[in-house]
Amino acid sequence: MSTSLENVRVYTQSAIRIEGPRGTVVYLDPFSLTDGEAAHDADYVLITHAHYDHLSPEDYARVAGEKTVLVAPASMATDVAGLAAAETRLVSAGEKIELPGLALEAVPAYNVEPERLGMHPQANGWLGYVLSLDGDPTRYYVSGDTDQNPDNETVSCDVALVPIGGTYTCDARQAAAFVNALRPQAVVPTHYGSIVGTYDDFDAFAAKVDPAITVIRKLEH
């Protein structure tokens, strides 16, 4: 695993692109992409939940092509029904699936902090995902919008991508505690610097992460 994660890109919020060693391309929650980023190169698009900054039909269309497979929570069948895909796979928490170039595990994503219980309720069945691409053993955990909770705090991963912006998800302090519990080799913070959170949250987060875990900045001004 490269310590700079050149194969991982974070756009706005939690819009993420991960490319495998043999070229499999996965997008998660594409959002607020520019026309120049309309590559239509997605082998897979994974949606974590139904909020507009994660399920954006116009941004899905910017990355999807004729071969794209869409993966989404089973609870979102109606929400994603209008998205053009070669195949749509609806998954539930705890489910593991094997697809060409992609091994995937679905992890519950929900809030437990009292001030935001209604924002991402456990009952909605929304998800994060653990991914491995092209047979490479590196496990990427994209948590979705969540707090640390009993269903995700023991996820096994090499790279964690977690929200740090607060209001709707973990803030910088809570996200650092979450990552310290997960103990990945590296962490990429997401979900700050646009709708909620500021770019200064990166420094606050990095200061509280265990020094044994490499903190990598992908969201820039």
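Description of the structure in this document.

Here is what the cut-offs are and how they apply
- Residues numbered from 1 in each chain as written.
- Predicted model: local features only at pLDDT ≥ 70, side-chain atom pairs only at ≥ 80, totals over all residues.
- Heavy atoms only, no water.
- Helix = DSSP H or I, 4+ residues; strand = E, 2+ residues; numbered from the N terminus.
- Buried < 20%, exposed > 50% of the residue type's maximum accessible area, 1.4 Å probe, protein only.
- Contact = heavy atoms within 4.5 Å.
- Areas by Shrake-Rupley, 256 points an atom, 1.4 Å probe, with all protein chains shown as cover.
- Disulfide = S-S within 2.5 Å.
- Pairing = 2+ DSSP bridges.
- Axes fitted to C-alpha atoms, helices over the stretch in contact; angles between N-to-C directions.
- Salt bridge = Lys/Arg side-chain N within 4 Å of Asp/Glu carboxyl O.
- Polar contact = N/O pair within 3.5 Å; in protein donor to acceptor, adjacent residues only side chain to side chain.
- Core = buried A, V, L, I, M, F, W, Y, C linked by side-chain atoms within 4.5 Å.

**Examining the overall build of the protein**
Inference 1: Of the regular secondary structure elements, the protein holds three helices and 13 strands.
Inference 2: If one aligns the C-alpha atoms of the protein with their principal axes, the spans along those axes are about 45 × 40 × 35 Å.
Inference 3: Looking at the protein as a whole, 53% of its 221 residues qualify as buried.
Inference 4: For the protein, the proportion of contacts with a sequence separation of at least 24, taken over those separated by at least 6, is 58%.
Inference 5: When the accessible area of the protein is evaluated, it comes to approximately 9100 Å², of which 49% is carbon and sulfur surface.

**Concerning the state of the cysteines**
Inference 1: All told, the structure shown has zero disulfides when counted by the stated rule.
Inference 2: A disulfide-free cysteine, cysteine 157 has its sulfur positioned 13 Å from the sulfur of cysteine 170, the nearest such atom.
Inference 3: You can call cysteine 157 buried: its relative accessible area is 9%.
Inference 4: A residue is classified by how much of its surface remains accessible, and cysteine 170, at 1% relative accessible area, is buried.

**So, the sheet that holds strand 3 (residues 25–28)**
Strand-to-strand pairing in sheets goes through backbone hydrogen bonds, with the strands running parallel or antiparallel.
Inference 1: Taken in spatial order, the six strands of this open sheet run 1-2-3-4-5-6, and their pairing is mixed. In the strand order of this sheet, the two ends are held by strand 1 (8–10) and strand 6 (87–91), each with one partner. Geometrically, the sheet is characterised by an average inter-axis angle of 15 degrees between neighbouring strands, direction not taken into account.
Inference 2: Bridge analysis of strand 4 (residues 44–46) against strand 5 (residues 69–73) gives three bridges, and the strand direction is parallel. Note that in strand 5 the partner of valine 45 across the bridge is leucine 70.

**Things to note about the pattern of salt bridges**
Inference 1: Using the criterion set out here, one finds eight salt bridges in the structure.
Inference 2: Here arginine 89 makes a salt bridge to glutamate 87, at a shortest N to O gap of 3.8 Å.
Inference 3: Taking the shortest distance from any N to any O, the salt bridge between arginine 183 and aspartate 210 comes out at 3.2 Å. Pair noted here: arginine 183 is in the loop between helix 2 (172–182) and strand 12 (186–190) and aspartate 210 is in the loop between helix 3 (200–208) and strand 13 (214–215), with a separation of 27 residues, a long-range link.
Inference 4: On the basis of relative accessible area, arginine 183 is assigned to the partly exposed category, the value being 46%.

**Digging into helix 2**
Inference 1: By the burial criterion, the buried members of helix 2 are Ala172, Gln174, Ala175, Ala176, Phe178, Val179 and Leu182.
Inference 2: The opening residue of helix 2, the one whose side-chain oxygen lies 3.2 Å from the backbone nitrogen of arginine 173, is aspartate 171.
Inference 3: A positive backbone phi angle near 55 degrees is found at arginine 183, which sits one or two residues after helix 2.

**Considerations on unusual backbone geometry**
Outside of glycine, negative phi angles account for most residues, and trans bonds account for most peptide bonds.
Inference 1: Of note, arginine 183 is a non-glycine position whose phi angle comes to about 55 degrees, a positive value.
Inference 2: If you check the backbone angles, histidine 191 has positive phi at about 60 degrees while not being a glycine.
Inference 3: By secondary structure assignment, the location of histidine 191 is in the loop between strand 12 and helix 3.
Inference 4: For histidine 191, a relative accessible area of 1% gives the class buried.

**Considerations on the nonpolar core**
Inference 1: If you look at the biggest cluster of nonpolar residues, it comprises 50 residues, and the most contacted ones within it are Ile18, Leu28, Leu46, Leu102, Tyr129, Leu131 and Phe205.
Inference 2: Sequence-distant contacts of leucine 28, defined by excluding residues within four places in its chain, comprise Ser14, Ala15, Ile16, Ile18, Leu46, Tyr129, Leu131 and Val142.
Inference 3: Formed by 19 residues, the second largest nonpolar core is a distinct cluster that contains Tyr11, Tyr27, Tyr60 and Ala72.

**Looking at the sheet that holds strand 11 (residues 159–163)**
Inference 1: Here we have seven strands laid out as an open sheet, ordered 7-8-9-10-11-12-13, and mixed in their pairing. Of all the strands in the sheet, the pair left with one neighbour each is strand 7 (96–99) and strand 13.
Inference 2: By the bridge criterion, three bridges tie strand 10 (residues 140–142) to strand 11 in an arrangement that is parallel. Across the sheet, residue tyrosine 140 finds its bridge partner in strand 11, namely valine 159.
Inference 3: Helix-sheet contacts for helix 2 involve strand 10, strand 11 and strand 12, and the interaxial angle to strand 11 is about 160 degrees.

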